[in-house]
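Close look at the chain arrangement
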Amino acid sequence: MVQPALPAAAGTMDDAALAGLIACPTCDALHHLADVPVGATARCVRCQTVLLAPRRQALTRLVMLAVTALVLMAAAIWFPFLELDAQGLRRTSSVLDAALAFSNGLMAPLSLAVAAMIVVIPLVRLVALIYALAPMALGRRPIVGAVPAFRLANAMRPWAMAEIFVVGVAIALVKIAGLAQLSLGPAFWALIALVLVTVLKDVVMCRMSVWKTLEQRAAS
């Protein structure tokens, strides 16, 4: 069921009126914030972007997916990523080894940036998401710093690029497959699973619904 939101009336508004409005993240159209039943969807009347899509047990699912992604990230970091065998020379590398392969000389800043985008930023984002949502998933009030933590998780989303790293590795493997024998380690499959879980988490999460829940429970 789709429940369209009504556009807000133009004109001068006080703080109370502004508090009851919601802006479309795509076209900035203002709408009156209304209660949307669980399972229904509120869309922008101008561009049809989903504004609110509350789902039953959504917070619990988000926290479970974030914890799963955190475990997969730990596995991707610590287990062997791939093994290269060329002319009798064998070398095993991890995700960090691959990210920091050019950590010397002029390429060092780029190498550190790659490590941050595929390891550090995704880890910080997952921890911030769990910190902000886990208490509410357990039926409690948000803890101190939940709002900044959720804001940080959203701000870091464009910079968490584990999926880009997977695509780059796949292209590199195709190019060097004829030059050496390659064996994929557990970390490679953990990273693949991590990307899938992260995409699923981002699809499941309705950010405006989470913000609304944060505000309501913080005020209660």
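Here we summarise the structure given alongside this text.

Two side chains with opposite charge may pair up if their charged atoms get near one another. According to the stated counting rule, one finds four salt bridges in the structure shown. With its nearest N and O atoms 3.8 Å apart, the salt bridge here joins Asp202 to Arg157. Within this pair, whereas Asp202 is found in helix α7 (residues 186-204), its partner Arg157 is found in the loop between α5 (146-156) and α6 (162-176), the two being separated by 45 residues in sequence. Here Asp202 makes a salt bridge to Arg207, at a shortest N to O gap of 3.9 Å.

What follows is about the nonpolar core. One finds Phe81, Leu129, Leu133, Phe150, Phe165, Leu191 and Val210 to be the most contacted residues of the largest nonpolar core, which totals 44 residues. Contributions of two or more residues to this core are made by α2 (58-78), α3 (95-99), α4 (108-137), α5, α6, α7 and α8 (207-219). Among residues more than four places away in sequence, those in contact with Leu191 are Ala76, Phe81, Phe165 and Val166.

Bringing α7 into the picture now. In this model α7 runs 27 Å from its N-terminal to its C-terminal C-alpha over 19 residues, within 8% of the 27 Å that 1.5 Å per residue would give. Among the residues making up α7, those that are buried are Ala187, Phe188, Ala190, Leu191, Leu194, Val195, Val197, Thr198, Lys201 and Asp202.

Counted as a void, the second largest pocket has a volume near 490 Å³. Taken together, 24 residues make up the lining of the second largest pocket; nearest its centre are Pro54, Arg55, Leu59, Ser209 and Thr213. Secondary structure elements with two or more residues in the lining of the second largest pocket: α2, α4 and α8. Ranked by the residues each element gives to the lining of the second largest pocket, the list is headed by α8, at six residues. Residues of the lining of the second largest pocket, tallied by class, amount to 14 nonpolar, five polar and five charged.

With that settled, consider a nonpolar patch on the surface. A grouping of Leu96, Leu100 and Leu112 is seen on the molecular surface, where their side chains present a nonpolar patch of about 240 Å² in accessible area. Looking at the secondary structure, you find Leu112 in helix α4.

Here we take up α2. Between the first and last C-alpha of α2 there are 31 Å, a value that for 21 residues agrees with the 30 Å anticipated at 1.5 Å per step. Here the buried face of α2 lies against α3, α4, α7 and α8.

The tally for this structure, following the rule as stated, stands at three aromatic pairs. Summarising the aromatic geometry, the rings of Phe150 and Trp211 are spaced 4.9 Å apart at their centres and angled 75° between planes, so their arrangement reads as edge-to-face. With Phe150 in helix α5 and Trp211 in helix α8, the pair connects residues that are 61 residues apart, well separated along the chain. By relative accessible area, which is 24% here, Trp211 ends up partly exposed. Judged by centre distance (5.1 Å) and plane angle (90°), the rings of Phe188 and Trp189 are edge-to-face. Chaining the aromatic ring pairs together yields one cluster made of Phe81, Phe188 and Trp189.

With that settled, consider unusual backbone geometry. Leaving glycine out, the prevailing phi sign among residues is negative, and the prevailing peptide bond configuration is trans. The backbone of Gln48 shows a phi angle near 65°, a positive value even though the residue is not glycine. As for its placement among the helices and strands, Gln48 is situated in the loop between β3 (42-43) and β4 (50-52). Accessibility expressed as a relative area gives 44% for Gln48, which makes it partly exposed.

On the secondary structure map, Asp28 appears in the loop between β1 (21-23) and β2 (30-32). For the pair Asp28 and Cys44, spaced 16 residues apart in sequence, the C-alpha separation works out to 9.4 Å.

Procedures and definitions
Residues numbered from 1 in each chain as written. Predicted model: local features only at pLDDT ≥ 70, side-chain atom pairs only at ≥ 80, totals over all residues. Heavy atoms only, no water. Salt bridge = Lys/Arg side-chain N within 4 Å of Asp/Glu carboxyl O. Helix = DSSP H or I, 4+ residues; strand = E, 2+ residues; numbered from the N terminus. Core = buried A, V, L, I, M, F, W, Y, C linked by side-chain atoms within 4.5 Å. Buried < 20%, exposed > 50% of the residue type's maximum accessible area, 1.4 Å probe, protein only. Contact = heavy atoms within 4.5 Å. Expected span 1.5 Å × (residues − 1). 1 Å grid on protein atoms, 1.4 Å probe; cavity = no way out; pocket = protein on both sides within 12 Å on 5 of 7 lines; lining within 4 Å. Points joined across faces, edges and corners; volume = space filled by probe spheres on them. Nonpolar A, V, L, I, M, F, W, Y, C, P; charged D, E, K, R; others polar. Patch = residues over 30% accessible without salt bridge, like charges linked within 9 Å, V, L, I, M, F, W, Y side chains within 5 Å. Areas by Shrake-Rupley, 256 points an atom, 1.4 Å probe, with all protein chains shown as cover. Phe/Tyr/Trp six-rings, centres within 6.5 Å; stacked < 30°, edge-to-face > 60°.

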